[in-house]
Amino acid sequence: MKTQLKDIKQALEKCNLFKEKLIVIYPAEDPLFLDYEDELWKFMGSIEANIERNGGYMIDKWQCVDAQQNLYDVRGMVSIKIEYDDTKDKDE
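Remember, it's a predicted structure, so these values are computed and weren't measured experimentally. (Residues numbered from 1 in each chain as written. Predicted model: local features only at pLDDT ≥ 70, side-chain atom pairs only at ≥ 80, totals over all residues. Heavy atoms only, no water.)

Draft legend 1. Main features of the overall build of the protein. On a plain count of helices and strands, the protein comes out with four helices and six strands. Along the protein, helices (α) and strands (β) appear in the sequence β-α-β-α-α-β-β-β-α-β when read from the amino end. Within the protein, contacts between residues at least 6 apart in sequence are counted, and of these 52% link residues at least 24 apart. Carbon and sulfur atoms provide 50% of the accessible area of the protein, an area that totals close to 5800 Å². (Helix = DSSP H or I, 4+ residues; strand = E, 2+ residues; numbered from the N terminus. Contact = heavy atoms within 4.5 Å. Areas by Shrake-Rupley, 256 points an atom, 1.4 Å probe, with all protein chains shown as cover.)

Draft legend 2. Structural view of the environment of L5. In this fold, L5 is placed in the loop between β1 (2–4) and α1 (8–14). Judged by relative accessible area, which is 24%, L5 ranks as partly exposed. (Buried < 20%, exposed > 50% of the residue type's maximum accessible area, 1.4 Å probe, protein only.)

Draft legend 3. Structural context of the environment of G76. As for its position among the elements, G76 is in helix α4 (residues 74–77). Separated by 14 residues in the primary sequence, G76 and W62 have C-alpha atoms spaced 9.7 Å apart.

Draft legend 4. Main features of the nonpolar core. Among the nonpolar cores identified, the biggest contains 20 residues, and L17, L22, I47, I51, V74 and V78 are the most heavily contacted of them. Looking at this core, the elements with two or more residues in it are α1, β2 (22–27), α3 (44–53) and α4. Apart from residues no more than four positions distant in its own chain, I51 is found in contact with F18, G56, Y57, M58, C64, V74 and M77. (Core = buried A, V, L, I, M, F, W, Y, C linked by side-chain atoms within 4.5 Å.)

Written out as structure tokens, the structure is:
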């Protein structure tokens, strides 16, 4: 599932991170060199709420488990993509 940066909290309310990966589209005018973990940390409350709502729980700073105790890393569940004019999807 893809979402714009401004809509990330709404997207996290709708999706199930255990079943689909969330790709957050950052506009190109934002800093070119993002610290991925720092950016994710800004939304960690919403990410953790998504995980708990879908039967899982956090076990440390970046790792969580689902209802069957399968281990996941949040950094693999949510990714960041910087979108430049020449890389925008044509169908969006």
